[in-house]
Amino acid sequence: MVNQNIAIIPARGGSKRIPKKNIIDFNGQPMIAWSIQAARDSGAFTRILVSTDDPEIAEVAKNLGAEVPFLREQYADDHATVSEATTVALQQAMDYWQEEYKVVVQLMANCPLRTSADIIAALASFEQCKRTAQISCFEYGWMNPWWATQIDKRGKPNKLFPEAFAKRSQDLPKLYCPTGAIWISTVEHLLKYKTFYSPEHTFEPISLESAMDIDDYADLRFAKALLMNNKSAL
């Protein structure tokens, strides 16, 4: 039996910059709740699997409606890539449920502002463009990397792109940064390459708000500010 799509939400328990990051309170809910709810509301998935090594996170995820039939035993340390963890979780899911899937969508638990509409739009682009791997990204705004510099002890700048300093910002090409919000791959390619950055991977832009990755407390404050701003705009 071939099922269409599986969502995998990686949620390691050993976060150091924000302890228990994936289940800390974010606007009245555990942070992981936002990703689970977005996946559920999208209606796009046969399975919504949370991949974690932490029994507490597993229990929270189950109570929120995700499936956690097993704990992660591999790729749970600081050195493992998230693609490796998701690849193992995908294989575990296929073995456990005796199912095959066409598409796997990775939704990072620390991206709570990504919505069901974002997921639906990303999947539509993936399917319409007949892609094999697609990674969400956002356009840089006021933090213009074209003007990035290194600074020595005396404060003297070493411009990474010196030619860009002679141009106006509106005349410079747009630059994009990847975000963990929505990564999509065919199951065939993820199992083959063990990474979403497979040879034919593409980037798909989403809004800055939806792209927000929370890694430290400064990110957390910024994400809360974005959320409050969105609410006040409604």
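The model shown is predicted, which means the values in this text are computed figures rather than measured ones.

Each value, and the rule that gives it
- Residues numbered from 1 in each chain as written.
- Predicted model: local features only at pLDDT ≥ 70, side-chain atom pairs only at ≥ 80, totals over all residues.
- Heavy atoms only, no water.
- Helix = DSSP H or I, 4+ residues; strand = E, 2+ residues; numbered from the N terminus.
- Rg over C-alpha atoms; globule rule 2.2 N^0.38 Å.
- Buried < 20%, exposed > 50% of the residue type's maximum accessible area, 1.4 Å probe, protein only.
- Contact = heavy atoms within 4.5 Å.
- Salt bridge = Lys/Arg side-chain N within 4 Å of Asp/Glu carboxyl O.
- Phe/Tyr/Trp six-rings, centres within 6.5 Å; stacked < 30°, edge-to-face > 60°.

### Thoughts on the overall build of the protein
Of regular secondary structure, the protein possesses seven helices and ten strands. A compact globule built from 234 residues would reach a C-alpha radius of gyration of about 17 Å, and the protein, at 19 Å, matches this within 12%. The dimensions of the protein, computed from C-alpha atoms along their principal axes, are 60 × 40 × 40 Å. Burial statistics for the protein: of 234 residues in total, 47% are counted as buried. When contacts within the protein are restricted to residue pairs at least 6 apart in sequence, long-range pairs at least 24 apart make up 73% of them.

### Considering the pattern of salt bridges
Taken as a whole, this structure holds eight salt bridges when the rule is applied. As a salt-bridge pair, aspartate 54 and lysine 20 come within 3.0 Å of each other at their nearest N and O atoms. With aspartate 54 in the loop between β4 (47–51) and α2 (55–63) and lysine 20 in the loop between β1 (2–10) and β2 (25–26), this pair connects stretches of sequence that are 34 residues apart. The exposure class assigned to lysine 20 is partly exposed, which follows from its relative accessible area of 33%. Where glutamate 204 meets arginine 131, a salt bridge forms, and the shortest distance between an N and an O atom there is 2.8 Å.

### A look at the packing of aromatic side chains
Following the criterion strictly, the structure yields seven aromatic pairs and no others. Between the aromatic rings of tryptophan 146 and phenylalanine 161, the centroid separation amounts to 5.1 Å while the plane-to-plane angle is 65°, which identifies the pairing as edge-to-face. You can see tryptophan 146 sitting in the loop between β6 (133–139) and β7 (149–151) and its partner phenylalanine 161 sitting in the loop between β8 (157–159) and β9 (176–186), a full 15 residues away along the chain. Judged by its relative accessible area of 17%, tryptophan 146 falls in the buried class. Each ring, one from tryptophan 183 and one from tyrosine 197, has its centre 5.5 Å from the other, and the planes form 90°; the classification is edge-to-face. Residue tryptophan 183 is located in strand β9, and its partner tyrosine 197 is located in the loop between α5 (187–193) and β10 (202–205); the two are separated by 14 residues in the primary sequence. A residue is classified by how much of its surface remains accessible, and tyrosine 197, at 36% relative accessible area, is partly exposed. Clustering of aromatic rings is evident, with ring pairs tying together Phe70, Tyr96 and Trp97.

### A word on helix α1 (residues 31–42)
The buried fraction of α1 is high, at nine of twelve residues. Turning to α1, its buried residues are Met31, Ile32, Ala33, Trp34, Ser35, Ile36, Ala38, Ala39 and Ser42. One or two positions beyond α1, positive phi appears at glycine 43, with a value near 65°.

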